[in-house]
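Structural overview for review
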Amino acid sequence: MEVGMYISDEEKGNRLIGQAAMHLIFGRQDVTVSSLLAELKLMAENESDDDVLMQMHETRRWLAGYRCLSSRSPERAGWLDDKISTSFGLAMQSDE
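This text gives an overview of the structure that appears in the document.

Non-glycine residue R28 carries a positive phi angle of around 55°. Note on placement: R28 falls in the loop between α1 (9-26) and α2 (33-45). R28 sits in the exposed class, given a relative accessible area of 79%.

Attention now goes to the layout of surface pockets. Roughly 220 Å³ of internal volume is contained in the largest pocket. In terms of lining, the largest pocket is formed by D9, E10, G13, N14, I17, Q55, E58, T59 and W62. Looking at the lining of the largest pocket, the elements with two or more residues in it are α1 and α3 (50-64). Considered class by class, the residues forming the lining of the largest pocket number 2 nonpolar, 4 polar and 3 charged.

Thresholds applied
- Within any chain, residue numbers begin from 1 and follow the written order of that chain's sequence.
- Only residues with pLDDT of at least 70 are given local features in this predicted model, and only at 80 or more are side-chain atom pairs given and counted; all residues enter the totals for whole chains, interfaces and linings.
- Calculated side-chain values reflect all of the structure's heavy atoms, with hydrogen atoms and water omitted.
- Where helices and strands are cited, they refer to DSSP runs of H or I of at least four residues and of E of at least two residues respectively, numbered from the N terminus.
- Under the scheme applied here, a residue whose accessible area is under 20% of the maximum for its type counts as buried, over 50% as exposed, and between as partly exposed, the area being computed with a 1.4 Å probe on protein chains only.
- The distinction between a cavity and a pocket rests on a 1 Å grid over the protein atoms alone: a 1.4 Å probe fits inside a cavity but cannot get out, while a pocket stays open yet meets protein on both sides within 12 Å along at least five of seven lines, and a residue with an atom within 4 Å of a point counts as lining.
- Grid points are joined across faces, edges and corners, and a volume is the space filled by probe spheres set on the points.
- Here the nonpolar group is Ala, Val, Leu, Ile, Met, Phe, Trp, Tyr, Cys and Pro; Asp, Glu, Lys and Arg are the charged ones; every other residue, Gly included, is treated as polar.

Okay, structure coming up:
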């Protein structure tokens, strides 16, 4: 029985962003949303696998939404709300 590993699109996107970030870091460049978008575009120019190209396109499209915080819709901008409220709650408990 062969056991395969399923990698979600989100994990693939995170991996691509990580690769782009590492390229920038090793090139001694700033890692910003704009520089990640540019690096992903450069990576796509050298990619021949259609599936990877599609994932790069989707990752760039998602990442472009974070270019400016004010461009985020309220429901998408709050992706850290549960983490912040949990951390805040723990901080409040430790102060008491």
